[in-house]
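# Inside the fold
Spelled out from the first residue to the last, the chains are:
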Amino acid sequence: MSIRKNINISAYLVVGPENTKNRPVGTIIKDAIEAGFTCIQIRSKVASALELIQLTREASEVIAQAGKSDEVALLVNDRLDVILAARKQGIKVDGIHVGQSDIPVDVCREYLGDDSIVGVSARTHELFEYIKTVDVSQIDYFGAGPLRETKTKPDCGMDLDGKIVIRSLDEISELAKLSPIPVVIGGGVKLADIPPLAQTGVDGFFVVSAVTEADDPKLEATNLVIAWNLNKLNPISK
Ligand SMILES: Cc1ncc(COP(=O)(O)OP(=O)(O)O)c(N)n1
Ligand SMILES: Cc1nc(C(=O)O)sc1CCOP(=O)(O)O
Ligand SMILES: [Mg+2]
């Protein structure tokens, strides 16, 4: 079965070289996968295309060495060109995550094909109206948030007037009910947030710094996964 049909965004790590306190990205990914993370996104706003291809290669190899190529999805943030180049070199990349100002979904789908995952950041402005009305036929999940402001992405949750909008747990529960496709929540998420977040009915959480800046990334990742699995509601079927 294609990993797209089997998508699991319950424990989702977003990572790039600027997030790891100078530790290798591949080592942090290995720790997260061994801890039970189910989805990895390579995201860097500073790495070159060649560096991104190399990071994607390393991530793909780490996932393969763990024997999890059919269960742990590997996505790249923003960079359709990087994914196409990586695939041309024989690297297994499962899809892309794009935001509202990135390459349009239909273009991603056309170039990546039907077996690929295309994740999209939900719009901040008029979020609920957007979730109810947007064409989701080519989208596999929504990323949404932030739960709180975060220095990892200072502009996250920025509304049209430049104001940062954070999402309450009640809003996140509403989002889980309304969204026709799975939802993953991130932005300032730490271990203590996981139990209430898991109770909202969303399909998963995403983190950068909670894992990538931890003194012991594997221990922190393990604690996040355990907390999610202990507290999650049965997913709302979509
Ligand atoms: C899972 C997930 N959700 C949201 C985002 C944010 O994407 P975007 O709005 O395009 O911002 P950048 O990450 O590109 O700065 C994400 N990356 N992953
Ligand atoms: C990549 C990203 N997207 C966000 C959104 O709200 O859309 S927040 C974010 C970064 C999250 O980093 P941390 O876990 O360190 O707070
Ligand atoms: Mg983006």
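Residues numbered from 1 in each chain as written. Chains lettered and ligands numbered in written order. Predicted model: local features only at pLDDT ≥ 70, side-chain atom pairs only at ≥ 80, totals over all residues.

Labelled according to an unreviewed UniProt entry, the protein appears under the name Thiamine-phosphate synthase, originating from Mesobacillus persicus. In its Function (unreviewed entry) section, UniProt records this for the protein: "Condenses 4-methyl-5-(beta-hydroxyethyl)thiazole monophosphate (THZ-P) and 2-methyl-4-amino-5-hydroxymethyl pyrimidine pyrophosphate (HMP-PP) to form thiamine monophosphate (TMP)." The Pathway (unreviewed entry) comment attached to the protein in UniProt states, word for word, "Cofactor biosynthesis; thiamine diphosphate biosynthesis; thiamine phosphate from 4-amino-2-methyl-5-diphosphomethylpyrimidine and 4-methyl-5-(2-phosphoethyl)-thiazole: step 1/1." (UniProt positions renumbered as here; feature names shortened; annotations may be inferred.)

### Looking at the pairing of strand E3 (residues 73-77)
Most of E3 is tucked away, with five of its five residues classed as buried. The side-chain alternation of E3 yields two buried faces, one formed by Ala 73, Leu 75 and Asn 77 and the other by Leu 74 and Val 76. Two strands pair when backbone bridges link them, and strand E2 (residues 39-42) and E3 are joined in this way by four bridges, in the parallel orientation. Paired with Ile 40 across the two strands is Leu 74, which belongs to E3. Read from E2 through helix H2 (residues 49-65) to E3, the crossover connection turns out right-handed. Pairing analysis gives three bridges linking E3 to strand E4 (residues 95-98), with the strands arranged parallel. The partner of Leu 75 across the bridge, within E4, is Gly 95. (Buried ≥ 20, exposed ≤ 12 C-beta atoms within 10 Å, placed from the backbone. Helix = DSSP H or I, 4+ residues; strand = E, 2+ residues; numbered from the N terminus. Pairing = 2+ DSSP bridges. Right-handed = clockwise from strand over helix to strand, strands pointing away.)

### Section: the environment of Glu 129
Along the polypeptide, Glu 129 turns up in helix H5 (residues 127-133). It is 9.7 Å that separates the C-alpha atoms of Glu 129 and Leu 178, two residues lying 49 residues apart in sequence.

### What to know about the UniProt feature "binding site: 4-amino-2-methyl-5-(diphosphooxymethyl)pyrimidine" (unreviewed entry) in the protein
UniProt records the feature "binding site: 4-amino-2-methyl-5-(diphosphooxymethyl)pyrimidine" (unreviewed entry) at Gln 41, Ile 42, Arg 43, Ser 44, Lys 45, Asn 77, Ser 121 and Lys 153, using the numbering of this structure. Examined against the element boundaries, Arg 43 turns out to sit in the loop between E2 and H2. The buried category is assigned to Arg 43, around which 23 C-beta atoms lie within 10 Å. In contact with Arg 43, not counting residues within four places along its chain, are Val 14, Val 15, Gly 16 and Asn 77. By C-beta crowding, Asn 77 is classed as buried, having 21 other C-beta atoms within 10 Å. (Contact = placed C-beta atoms within 7 Å.)

### Some remarks on the site of ligand 1
Lining the immediate environment of ligand 1, one finds 17 residues, of which His 97, Gly 99, Ser 121, Gly 143 and Phe 206 sit closest. Every element with two or more residues in the shell around ligand 1 is listed here: strand E1 (11-15), E4, strand E5 (117-121) and strand E7 (183-186). Here the residues of the shell around ligand 1 are counted per class, giving five nonpolar, eight polar and four charged. (Near = placed C-beta within 6 Å. Nonpolar A, V, L, I, M, F, W, Y, C, P; charged D, E, K, R; others polar.)

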